[in-house]
Amino acid sequence: MGTSKDKAKNTMVNKYRLIYMPIIITLITLFIVSISNYYITKYLLVDQMKEDGTSLAMQTIRQIAGNTASLNSLYEMLEEKIKITAEIVLQHEETMSDDLLRELQKSAAVDELNWYSPEGEILYSNFEGHPGWKAFEGHPLYDFISNNEKELMEDIRPDAITGIPFKYGSIKNIDGNFVQVGILAENIYALTEKFSYQTLVENLAKEESILYALVINTDLKAIADSDIEDIGIIYLDDEEYKETMKGNTTAVEWYYPKIDGKILEVATPIFVDDQIIGALGIGFSMEKVYASIYMFSTILFIIAFIMFLIFLWIQNKNIIKPVSQLDQYIHQIDIENNIKYRLPLLKNDTFFGLASSINNLLDKTHSYFNKIKETQEELYASNREISAAYQQLAATEEELRTQFDEIQSYTEKLENLKQKYEIAITGTNSAVWEIDIIHQTIYFSQAFKNIVGVTIDKKENFHEVLNQLFLKEDKEKLMKEFMDYQKGEKKEIYIQIQIKNSDGHLKWVLIHGKGIYDSRKNLKLLNGILLDISEMKKQEQYVNYLAYHDPLTNLPNRRRFIKKLKEAIEKQQSGAVMLLDLDNFKEINDTLGHIYGDRILEKVAQEFEKLKDEKLFVSRFGGDEFLILVEDEKDIAKIENYAKKITAIFKNKLKMEEDQIHISSSIGITLYPSDSNEVNQLIMNADMAMYKVKNNGKNGYIFFEKEMTEKLKEKAEIEKILREAIKEEAFKLVYQPQICTFTGKIVGFEALLRLRNHPISPTLFISVAEETGMIIEIGRWVTKQVINQLSIWEKMGYTAKPIAINFSAKQLNDLDYIAFLQNILKEMNVDGKYIDIEITESIFLDKTGETIEFLNKLKALGVKITIDDFGTGYSSLSYLTFLPIDKIKLDKSINDKFLELKNVKIMDSLVSLAHSLNLEVVAEGIEDINQYRRLKIAGCNYIQGYLFSKPLEVEDAEKIYYNNFLEMIE
């Protein structure tokens, strides 16, 4: 009894759980929080470092891709230069000499020219000592002499005579003689240095926190390294670089001995034309990252420790001391020897309520203690009976539980199978079917009702069900599918047919299944699924609809119209094709916006729909044009009546919701087969007729006539006006200033030709002047007027500024133009450097050698030469390396396209490439301040366009001669 008493006293208040356990848990929690914070902080900062490093690597990769494209362009231009120079030399074959090669070498800006015999011996050269040298076996030219190749382009190699590195190219003539053109490697390196990998990695290594950068090739060899002594190292054991060759970017943290610390290395594959050509590796210092992690963790640990001390003080005051005192009082309870003992009650005691409750329990215990003694013996006897019954029940329960567990296991398996089955059937909107071949019955699962709306909940006669659910032709198709399968002609049943639902409407279903055979391999059952594919069929129909309809107006599109017209022609019908164009629709888009313009097109389409009948087919051709087909109609009066109905749509204002707008149309009409039986020709005929309506004032219709000569008349009229203008000097020049991008001051003008008395566009009358040859006389007049204006401004005290003159390719036929220009410059006492001749790339299409000679003569007079409309011509970059030019002028279309934010890097590369070739860049047609800002960032030298000034009369040009346009726009 004493032992039980002592044990009870020892376990009344568990100080370990109540006091010490919370303290220990708090300490452990603080420790875990500190450790977790350290690793979480480390993970976040390192992960951010990886993201930043990867982002920088990807930016660098894009720069490498751009540099690679620029290098490829440079090498292509160099090879094109070699080819053109060789062709020029071949043109002088009859007069070949060492002196001629020296002259051509200087004019073509190459470094070496050699003329070889068919046997490979140098006959003439611009270098003394080269003639007489002969290609030997093993030399690149040795095989070129004997094979049938007409052209050989070599990589950079040492010259066989001098040992100096050159890039060579050779071209044969018909007789086997060939010319070799060489360019010094150091000149090529000067052009490509800024795009090299080494320059890129050295610039990267200068960035803060970047320890090194390197580029490796696909053989894992370092071809560029910010640590120059490491160039050439092969990283065969580096798994990260191997991974980049598979197209993956890696970021790995490792110990770097050179700084005795950890670094983060990011490795990224380099793609060119979707091919991996190598990898970029960048090493980032982790010193600052780990310093931040340690500092943050230390501060958090100090804060946590202070919080723990505060918690310990509160715990001691409110828990530890009161618990110890309560434990002492509880141990003094002795129900057997001192039943009247009660716990002292102290004010402000944390456990005052608990002590009161214990005292209440002691009071009740006292009253029940005697009753317990009285019933103790009685309970002891009952306990023995209950124990015996319990043992018997326990044995029975164990047996029942075993049986229940087995039943429960089977039930769960069946339920899982049922759920999987229902998910598969419900998720695919399908039903299961089964056909009994022997009894000719069919069965459908309950999901069949969800698809068709018809309940077939038991096996029914196969043929009766098919007659009920399918149309005759669909039933025949299905029966054929079944029979083909039974005969072994098909491996499975797979057919798409229509089925009738409960409302009698047709739905598309896919029937798919296979057979089940008995032990004798006789077909017993057919099983499969029936899948609702109505939505899929609707999507197919919608796709087909989109292929032949305009998404805005829902009218048939051009493809559908052409197909319809071909069908009509093949039927040998007669009819008409109309091309309708909405008049002045561009002004509507420009003033009211494209969205409003789209609403007008939709409204017009709705009006056309009201006119449609069995002979009238309306489609949208594109933009604001509509193609209309009148089928199977020979009566021209009836065809014209259709045209009148269409034009009547536009007589009144179109109602656009709350607005009304007046618009008219121009219609060209052509007949088939009388005008043509070709689809394209009919559309062209209608187009010509429609433009005749436009020229006649719009708002009407005209039938195509084979005698139409309106364009010829227009050309003849312009020709007449030009001849009168030449005779009466009815031309004038206007001047558009060219502004320095960085200072805002005028650096020159472009002289633009206009007719005094006729508002004809220069685009029209200059093309006529070129066709008739009058451009030569007009070109001389422009040249004289510009030089005269320079002389006048000089006499008035204005600072001389260059004026640009547009020069047509046709003016090359003016053989005395150079002498004329020289005489006018001398007569007016004007320096040739103030004349800027603007030529287009088309000038080089024919007689390239003669053209270059002509340009060299202009340069000899001090004249500047600019490539005009750069980027819209035929060759663009290929001529820049050898032409004697000073500037390129970027066409407005190029500026509009590549000054958008997504394309601005292309403009940056274009300007950078021009500057690398020592060319200045002029951008014309600039009308937007954002375009100017992007061009300034790109480094464009000069700006021309309405942003600063339109073309001006002489008097107006003098008023703004010294203006600063940057101050005006800012």
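Keep in mind that this is a model prediction, so the values were computed, not measured. Each chain carries its own residue numbering, running from 1 in the written order of its sequence. Only residues with pLDDT of at least 70 get local features here, since the model is predicted, and only at 80 or more are side-chain atom pairs given and counted; chain-wide, interface and lining totals rely on the full set of residues. The side-chain figures draw on all heavy atoms in the structure; neither hydrogens nor water molecules are used.

Asker: Could you give an account of the overall build of the chain, with specific residues and numbers?
Answerer: Secondary structure summary: the chain contains 28 helices and 32 strands in total. Per-residue burial over the chain gives 43% buried out of 970 residues. Look at the contacts in the chain between residues 6 or more apart in sequence, and 60% of them connect residues 24 or more apart. Accessible surface is estimated by sampling points in the Shrake-Rupley manner with a 1.4 Å probe; for residues, cover comes only from the protein chains shown. A total of about 55,200 Å² of accessible surface is found on the chain, and carbon and sulfur atoms cover 52% of it. Under the DSSP-based scheme used, a helix requires at least four consecutive residues in state H or I and a strand at least two consecutive residues in state E, with every element numbered from the N terminus. The buried label applies to any residue whose accessible area, calculated with a 1.4 Å probe on protein chains only, is under 20% of its type's maximum; exposed applies above 50%, and partly exposed to all values in between. In what follows, a contact means two residues having at least one pair of non-hydrogen atoms within 4.5 Å.

Asker: Quick one: what's the story with the sheet that holds strand β11 (residues 275–285), residue by residue and with numbers?
Answerer: Strand pairing is assigned whenever DSSP identifies at least 2 bridges connecting the two strands. Strand order across the open sheet formed by five strands is β8-β7-β11-β10-β9, with antiparallel pairing between neighbours. Of all the strands in the sheet, just β8 (222–225) and β9 (250–256) have a single pairing partner and so form its edges. Pairs of neighbouring strands in the sheet enclose a mean axial angle of 25°, with direction left out of account. In this sheet, strand β10 (residues 261–272) lies alongside β9 in antiparallel orientation, the contact comprising seven bridges. Each residue of the ladder has a partner; that of Y256, found in β10, is G261. For helices, the fitted axis covers only the stretch in contact; all axes are lines through C-alpha atoms, and the angles between them, taken along N-to-C directions, range from 0 to 180 degrees. Taken strand by strand, helix α6 (residues 197–205) contacts β7 (210–217), β8 and β11, and its axis lies near 160° from that of β7.

Asker: A description of the packing of helix α14 (residues 558–570) against helix α18 (residues 679–695) should follow, citing residues and the corresponding values.
Answerer: Working note: a packed helix pair is described by the angle between its axes plus the distance between those axes. It is the contact of α14 with α18, at a shortest axis distance of 10 Å, that shows an interaxial angle of 110°. Between α14 and α18, the angle is such that the two are roughly perpendicular. Remark: the crossing between α14 and α18 carries right-handed chirality. Contacts between α14 and α18 involve I562, L565, K566 and I569 from the first element and V679, L682 and I683 from the second. The classification used treats Ala, Val, Leu, Ile, Met, Phe, Trp, Tyr, Cys and Pro as nonpolar, Asp, Glu, Lys and Arg as charged, and all other residues, Gly among them, as polar. When its residues are assigned to classes, the contact of α14 with α18 shows six nonpolar, no polar and one charged. For this classification, under 35 degrees means roughly parallel, over 145 means roughly antiparallel, 65 to 115 means roughly perpendicular, and everything else is oblique. Should the near helix be turned counterclockwise from the far one by less than a right angle, the crossing is left-handed, whereas a clockwise turn marks it as right-handed.

Asker: Break down the nonpolar core for me, with residues and values.
Answerer: Definition used in this section: a nonpolar core is a set of buried Ala, Val, Leu, Ile, Met, Phe, Trp, Tyr and Cys residues joined via side-chain atoms within 4.5 Å. In this structure, L858 and I888 are the most contacted members of the largest nonpolar core, which totals 110 residues. Among the elements that make up this core, the one with the highest residue count is helix α2 (residues 15–91) (ten residues). Here this core gathers at least three residues from each of two domains, domain 1 (92–192) and domain 4 (732–968). If we ignore the near neighbours within four places in the chain, the residues touching L858 are Y817, I818, L821, I837, V863 and I865. In terms of nonpolar packing, the next biggest core, distinct from the first, is built from 32 residues, M578, L580, Y642 and I646 among them. Throughout the structure description, domain borders are defined by an automatic or database domain assignment.

Asker: Pulling in residues and values, what's your account of the sheet that holds strand β19 (residues 616–622)?
Answerer: Strand order in this open sheet of five strands is β19-β20-β18-β23-β24, and the pairing throughout is mixed. Looking at the sheet topology across the chains shown, the edges are occupied by β19 and β24 (700–703). For this sheet, the mean angle separating the axes of adjacent strands, direction not counted, is 20°. Sheet analysis places β19 next to strand β20 (residues 625–630), joined by six bridges and oriented antiparallel. By the bridge assignment for β20, F617 is matched with L629.

Asker: Explain the pattern of salt bridges to me, using residue names and the numbers behind them.
Answerer: Think of it this way: side chains of opposite charge can pair up when their charged atoms draw near. For this document, the term salt bridge refers to a Lys or Arg side-chain nitrogen within 4 Å of an Asp or Glu carboxyl oxygen. Counted according to the given criterion, the structure contains 29 salt bridges. A salt bridge links R157 to E154, with the nearest nitrogen and oxygen atoms 2.3 Å apart. When sorted by exposure, R157 lands in the same class as E154, which is buried. Salt-bridge contacts for K959 lead to D956; the nearest nitrogen and oxygen are separated by 3.9 Å. One end of the pair, K959, and the other, D956, are both in helix α27 (residues 954–959), three residues apart, so they sit about a helical turn from each other. Of the residues examined, D956 reaches a relative accessible area of 31% and is grouped as partly exposed. Within the structure, one salt-bridge network assembled from shared partners comprises E750, E838, K889 and E924.

Asker: Summarise the pairing of β7; cite the residues concerned and give the values.
Answerer: The buried fraction of β7 amounts to seven of the eight residues, a majority that puts the element mostly inside the structure. Two strands pair when backbone bridges link them, and β7 and β8 are joined in this way by three bridges, in the antiparallel orientation. Residue pairing in the sheet places I216 in a bridge with A222 of β8. Counting the residues in the hairpin turn of β7 and β8 gives four residues, including L220, whose phi is positive at 65°.

Asker: Mind laying out the environment of W433, listing which residues take part and the relevant values?
Answerer: Within the element layout of this structure, W433 appears in strand β12 (residues 430–436). Distance from W433 to F448, taken between C-alpha atoms, is 8.6 Å for residues 15 residues apart in sequence. Setting aside anything within four residues of it in sequence, one finds W433 in contact with Y443, F444, F482, I493, I511, H512, G513, L526, N527, G528, I529 and L530. Within 3.5 Å is the distance limit for a polar contact, defined as a pair of N or O atoms, with the added protein rule that one can donate a hydrogen and the other accept it, and that residues adjacent in sequence qualify only through two side-chain atoms. Within polar-contact distance, the side chain of W433 engages the backbone oxygen of I529 at 3.0 Å.

Asker: For the side chain of S666, give the residues involved together with the corresponding values.
Answerer: Inspection of the secondary structure assignment puts S666 in strand β23 (residues 665–672). The residues touching S666, leaving out its near neighbours within four places in the chain, are L579, L580, D581, D583, M690, V693, K694, K698, N699 and G700.

Asker: Please set out the confidence of the model for the chain residue by residue, giving values where relevant.
Answerer: Interpretation of the predicted coordinates at a detailed level should be avoided for regions scoring low in pLDDT. The predicted model of the chain has a mean per-residue pLDDT of 83, with 89% of residues at 70 or higher. The low-confidence segment residues 1–9 (pLDDT under 50) makes five contacts with residues lying over four places distant or belonging to another chain. Residue-level confidence of the predictor, termed pLDDT, takes values from 0 up to 100.

Asker: A description of the state of the cysteines should follow, citing residues and the corresponding values.
Answerer: Here, two cysteine sulfur atoms that lie within 2.5 Å of each other are counted as a disulfide. Summed over the entire model, instances satisfying the criterion amount to zero disulfides. Not engaged in a disulfide, the cysteine C940 finds its nearest cysteine sulfur in C740; these two sulfurs lie 9.8 Å apart.

Asker: Please provide a residue-by-residue account of a nonpolar patch on the surface, values included.
Answerer: Taken together, the side chains of F301, I302, F305, I306, L309, I310, W313 and I314 define a hydrophobic patch exposed on the protein surface, amounting to about 820 Å² of accessible area. Of note, F305 is situated in helix α8 (residues 287–331). Patch construction takes residues with relative accessible area above 30% that form no salt bridge. Like charges are linked within 9 Å, and nonpolar side chains (Val, Leu, Ile, Met, Phe, Trp, Tyr) are linked within 5 Å.

Asker: Before we move on, can you summarise the pairing of strand β6 (residues 178–184) with the specific residues and values?
Answerer: Across the seven residues that make up β6, a large majority, seven, are buried. Here β6 shows no split at all, with F178, Q180, G182 and L184 on one side and V179, V181 and I183 on the other all buried. In this sheet, β6 lies alongside strand β1 (residues 112–116) in antiparallel orientation, the contact comprising five bridges. Each bridged residue has a counterpart across the sheet, and for W115 the counterpart in β6 is V179. Where strand β5 (residues 165–172) hands over to β6, the hairpin turn is made up of five residues, of which G176 adopts a positive phi near 100°.

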